[in-house]
Structure formats: C-alpha cells, structure tokens
Amino acid sequence: MFVKREKVRFVSGDTECAAWHYPGTNGGCVIMTGGFAVTKEPGTDMFAKRFHQAGFAVLAFDHRHFGESGGEPRQVARVGEQLADWRAAIEFAATLPGVDPAKLAAWAFSLPGGYVFPIAAQNPQLAAAIAQTPNVDGPAASRNAVRHQEPLAMLRFMGRGILDALGSLVGRPPVLVPLVGEPGTVALLTTPDSRDGNQALNPDNKYLDWQQNVAARSALRVTFYRPGRYASRARCPLLAVVCDQDQSAPAGPAVRAARRAPGAELVTLPGGHYAPFMDAHEQAVEAELSFLRRHLLDQSAVRPPTALHRSA
C-alpha cells in the first residue's frame, strides 16, 4: 500500500532535526523516534505506516547527530540533547496541518522508549505516550548484559569509552563502537536477542544509510541512566509494551516503572527485545492502536487503572 509522507525539518537547539511527516485524517499525531542510535527509517517505518493507515498523522524524526539531522560530532548521543529534541518535536508537531494540538502522543522503543517516562512527566501537551520494550534502568540492563559478555571485552569497551570521553575534551573525533556484536567483541550489546536487530529493523539491508555504531563515550554514559525514576510523575496516560524474554532491556524494571505511573497500562508479549518488529508485531500494533484511539480520539475516555494484558 502506498504511504504518503514528506520530509520536514524543525529547529532544536543550535541545529535542525530531520523528520518524516505522514499527514493524517483524524487530528491525532504520533511523534516517534527509533532506538538508541537507530535512525528514523529502520526504527519507525513499520509502526508509522500502520498508525498512518489508521488515520493518525506521524512525525518520525532523527535525534541530532544522527541520520539526516544536523549536529557535530556525528554518532554522539547525549541524553539532555535528545530530550530537548523531543520537546522541539512535540512543539513542531502541534503546528502541522490537520493536527489537533490536544491529540499528541509520543512513541519510542529501547533506550528512547525509556525516555518516554521523563517525556510523559515533563510535556503536559501530550495526551498519551507509548514506551515499547523500554530500557528504564541502565544499571540493571548493564548487569544483565555483563552475563552475555566476556570480561576482557567488557574492560576493552570501558577503556574505549573513557578514552573517547577524554578525547572529546580536546576535540578529537568520536571513537565508534558497533551497536551489536558477538560475545568477546567490543560492542554496545552482545545479548542474544540484540543480534536479532538487523533482521528485525533492516531486513535485506533495506536501509543502507543506517550507520550501525555509536560513540563509545555515549555508550558508556547510558549505562548509568535511569529514566524509569520519572514514572510516578507521568502526566498523561502511558502504555508500556514489554517482552517477557527481553535480554537487552529486561522486562522487570519496565514493569515496575509502569506500575508506578498513574493510570498506566501494561502489555506483556512473548519474545525478545525485537519481538514487536517480528513475531509479535500484530499484537503490538493492535494494542498500541487501541490505546491511541481511546486516548486521542475518544474524548470521553476515562483513564483505566494499571492493567496487565498477556498475549500468546
């Protein structure tokens, strides 16, 4: 099915972010990004098309320093800057033709899925937020990741991160590490389900421009980030979609964070980190569309109590 979309740009900080705008028909708009260092096409296309087909507008953007967005140096992720990009994207989405500013929703997965918790807490313009397989607790995810990495490789990874951080102080270009690797190699993740990422997000190498690495300094920093601590301050209905065998963003911390969020809903799917892009795609899409329709289109909807739904 043909999907109409157009390239747009919006200002964030001292640069611009690039985005796809899918015009909608029902007044609602879903603002989206991919996972950590995952650009907008591999990270959002599958879900954006389904939301668009259901009548929602979509604004799918690249964080600064990644993809088609501006910002130097490249492949450097700073949490504060990326949250600022989200604020700019929300403000821009409210100005798009045919969008009702009272019907905005946020969607992200993996580490940016964890961002959804502070985004829901700090952006009262949002009417809903979806955190898919979110990494809400960097230290917990790191402890789990260590189980799937060899000690020497972990030390080499930390060493590269420290050297890259020191080099950044004198203007040296980033030292890059792959997003995914086999145990024993230096990479951001070596968990078993992380190696499904290319098949899930980039089948047949469809997205040749996606640079699958990140600055070592950024990879090291996010191991300490805990966005789930914002859960109790969420100011809009929040849907957390977790996978019961997720080894890259373990479900336990995400479930606990969702239960602290006022009026949150929790959907548990079978499979690993990328199951919503693979075998559990239909269950994930249907749960998310149901949530969006209730909170963006049904103005009489009452926020439900925290609920747990299990799909086989």
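Above this text sits the structure in question.
Counting restarts for each chain: residues are numbered from 1 in the order of the written sequence. Thresholds applied to this predicted model are a pLDDT of at least 70 for local features of residues and 80 or more for the giving and counting of side-chain atom pairs; totals over whole chains, interfaces and linings are not thresholded and use all residues. As a rule here, side-chain values cover all heavy atoms of the structure and leave hydrogens and water aside.

I keep staring at the pairing of strand E5 (residues 104–109) and nothing clicks. Help me out?
Along any regular strand the residues' side chains alternate between the sheet's two faces. Only protein chains enter the accessibility calculation, which uses a 1.4 Å probe; a residue whose area is less than 20% of its type maximum is buried, one above 50% is exposed, and one in between is partly exposed. Numbered from the N terminus, helices here are DSSP runs of H or I no shorter than four residues, and strands are runs of E no shorter than two. Across the six residues of E5, six count as buried, placing the element largely inside the fold. Covered by surrounding structure in E5 are Leu-104, Ala-106 and Ala-108 together with Ala-105, Trp-107 and Phe-109, the residues of both alternating faces. The pairing criterion for strands is at least two bridges between them, as found by DSSP. Two strands pair when backbone bridges link them, and strand E3 (residues 29–32) and E5 are joined in this way by four bridges, in the parallel orientation. In the strand pairing of E5, Ile-31 is matched with Ala-106. Convention used here: a crossover is right-handed provided that the path from the first strand, over the helix, to the second strand proceeds clockwise when the strands point away from the viewer. The parallel pair E5 and strand E6 (residues 126–134) is bridged by helix H3 (residues 110–122), and the resulting crossover is right-handed.

In this structure, what is going on with the side chain of His-21? I would like to understand it.
Structurally, His-21 can be placed in strand E2 (residues 15–22). On the accessibility criterion, His-21 (3% relative accessible area) is buried.

Where do I start with the state of the cysteines in this structure?
Here, the term disulfide refers to a pair of cysteine sulfur atoms separated by no more than 2.5 Å. A complete count under the given rule lists zero disulfides for this structure. No disulfide involves Cys-236; its nearest neighbouring cysteine sulfur is the one of Cys-29, lying 14 Å away. For Cys-236, a relative accessible area of 1% corresponds to the buried category.

I tried to follow the layout of surface pockets on my own but got confused; where do I start?
Space left empty within the atom packing is revealed by a probe, the size of a water molecule, rolled over the atoms. Think of a 1 Å grid over the protein atoms and nothing else: a 1.4 Å probe that fits but is trapped marks a cavity, an open set flanked by protein within 12 Å on at least five of seven lines marks a pocket, and residues with an atom within 4 Å of a point count as lining. Grid points are joined across faces, edges and corners, and a volume is the space filled by probe spheres set on the points. Approximately 690 Å³ is the volume found for the largest pocket. Lining of the largest pocket is provided by 39 residues; of these, Ala-145, Leu-188, Leu-189, Val-222 and Thr-223 occupy positions nearest its centre. Of all the secondary structure elements, the ones that give two or more residues to the lining of the largest pocket are H3, helix H4 (138–146), helix H5 (151–168), helix H6 (197–201) and helix H7 (216–222). Residue polarity follows a fixed list, in which Ala, Val, Leu, Ile, Met, Phe, Trp, Tyr, Cys and Pro are nonpolar, Asp, Glu, Lys and Arg are charged, and the others, Gly among them, are polar. A breakdown of the residues in the lining of the largest pocket according to their chemical character gives 24 nonpolar, 14 polar and one charged. Approximately 270 Å³ is the volume attributed to the second largest pocket. In terms of lining, the second largest pocket is formed by 18 residues, of which the most central are Thr-39, Glu-41, Gly-67, Asp-209 and Trp-210. When residues of the lining of the second largest pocket are assigned to their parent elements, the largest contribution, three residues, is made by helix H1 (residues 40–53). A per-class count over the lining of the second largest pocket returns six nonpolar, four polar and eight charged.

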